[in-house]
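Now for the letters of each chain:
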Amino acid sequence: MEEIREVFKDKNFNEETLNLIDNFIEEFDSLFGKYVPREELIKRIKENLNENISYEKFEKGKVLGTYNSQDKKITLKENLSEERLKAVFFHEMVHCITNHGDYVGFTGELSEKTAIGITEG
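Residues numbered from 1 in each chain as written. Predicted model: local features only at pLDDT ≥ 70, side-chain atom pairs only at ≥ 80, totals over all residues. Heavy atoms only, no water.

Q: Break down the environment of Ile 21 for me, citing the residues and quoting the values.
A: The topology assignment puts Ile 21 in helix α2 (residues 15-32). Residue Ile 21 is classed as buried on the basis of its relative accessible area, which comes to 0%. When residues no more than four places from it in sequence are discounted, the contact partners of Ile 21 are Ile 4, Phe 8, Phe 13, Ile 45, Leu 49 and Phe 89. (Helix = DSSP H or I, 4+ residues; strand = E, 2+ residues; numbered from the N terminus. Buried < 20%, exposed > 50% of the residue type's maximum accessible area, 1.4 Å probe, protein only. Contact = heavy atoms within 4.5 Å.)

Q: Lay out the pattern of salt bridges with the relevant residues and their values.
A: Taken as a whole, this structure holds 10 salt bridges when the rule is applied. Two residues, Arg 5 and Glu 15, come together in a salt bridge whose shortest N-O distance is 2.4 Å. In this pair, Arg 5 sits in helix α1 (residues 2-7) while Glu 15 sits in helix α2, placing the two residues 10 residues apart along the sequence. Under the relative-accessibility criterion, Arg 5 is labelled partly exposed at 28%. For Glu 15, a relative accessible area of 39% gives the class partly exposed. Salt bridges sharing partners connect three or more residues here, namely Glu 3, Glu 26, Asp 29 and Arg 38. (Salt bridge = Lys/Arg side-chain N within 4 Å of Asp/Glu carboxyl O.)

Q: A description of the sheet that holds strand β3 (residues 73-77) should follow, citing residues and the corresponding values.
A: Pairing between the strands of a sheet is mediated by backbone hydrogen bonds and can be parallel or antiparallel. The sheet built from 3 strands is open, its strands ordered β1-β3-β2 with mixed pairing. Of all strands in the sheet, those bounded by a partner on one side alone are β1 (54-56) and β2 (65-68). Strand-to-strand twist across the sheet, computed as the mean angle between neighbouring axes with direction ignored, equals 25 degrees. One ladder, built from 4 bridges, connects β2 with β3; its direction is antiparallel. The residue of β3 that forms the bridge with Thr 66 is Thr 75. Strands β1, β2 and β3 of the sheet are contacted by helix α4 (residues 82-98), whose axis makes an angle of about 155 degrees with β3. (Pairing = 2+ DSSP bridges. Axes fitted to C-alpha atoms, helices over the stretch in contact; angles between N-to-C directions.)

Q: So what's going on with the packing of aromatic side chains? Which residues, and what values?
A: Following the criterion strictly, the structure yields 5 aromatic pairs and no others. Considering the side-chain rings of Phe 8 and Phe 13, the 6.0 Å spacing of their centres and the 45 degrees angle between planes classify their relative orientation as tilted. Assessed through its relative accessible area of 1%, Phe 8 is described here as buried. Overall, Phe 13 belongs to the buried group, its relative accessible area being 9%. Seen in terms of ring centroids, Phe 28 and Phe 90 are 6.3 Å apart; in terms of plane orientation they differ by 35 degrees. Their pairing is tilted. Taken together, the residues span a long stretch of sequence, with Phe 28 in helix α2 and Phe 90 in helix α4 at a distance of 62 residues. The pair Phe 28 / Phe 90 is uniform in exposure class, with both members buried. Three or more aromatic residues joined by ring pairs make a cluster, and in this case those are Phe 24, Phe 28, Phe 32 and Phe 90. (Phe/Tyr/Trp six-rings, centres within 6.5 Å; stacked < 30°, edge-to-face > 60°.)

Q: Help me get a handle on the packing of α2 against helix α3 (residues 38-48), residues and values and all.
A: Packing of α2 against α3 brings their axes to within 10 Å, and their N-to-C directions diverge by 145 degrees. Classified by chirality, the crossing of α3 by α2 is right-handed. For the pair α2 and α3, contact is made by Ile 21, Phe 24, Ile 25, Glu 26, Phe 28 and Asp 29 and by Arg 38, Leu 41, Ile 42 and Ile 45, respectively. The residue makeup of the contact of α2 with α3, split by class, is 7 nonpolar, no polar and 3 charged. (Left-handed = near helix turned anticlockwise from the far one by under 90°. Nonpolar A, V, L, I, M, F, W, Y, C, P; charged D, E, K, R; others polar.)

Below is the structure:
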């Protein structure tokens with residue numbers, strides 16, 4: 001966690017956001033580090049997330065979270081359980097690291113079907 005605090009100190013993220021990012025990096029690295037190395041993952045997060053996680057009451061339906069690539073911000077539904085919050089945050093962070101610049105989606109060793117499955121799975 002100290003590494004994450006140091007890496008993102010210029011972003012002024014709060015403790016909750018840093019904890020979620022730390023958890024995301026560890027889980028993503030163990031699952032997909034072969035495709036997006038840790039250093040690249042951190043670089044993308046620094047470039048593509050500018051604000052603390054915010055919460056909102058979404059309209060009735062299935063929206064549990066959003067990633068806004070214009071604002072570089074993640075908004076999650078209020079009152080999610082801790083387990084659900086981590087899962088939704090992970091999903092939105094995948095959008096965060098794959099929806100910008102030269103790295104729209106996953107490339108390289110992943111087939112298009114696999115890449116779409118990871119991004120929207």
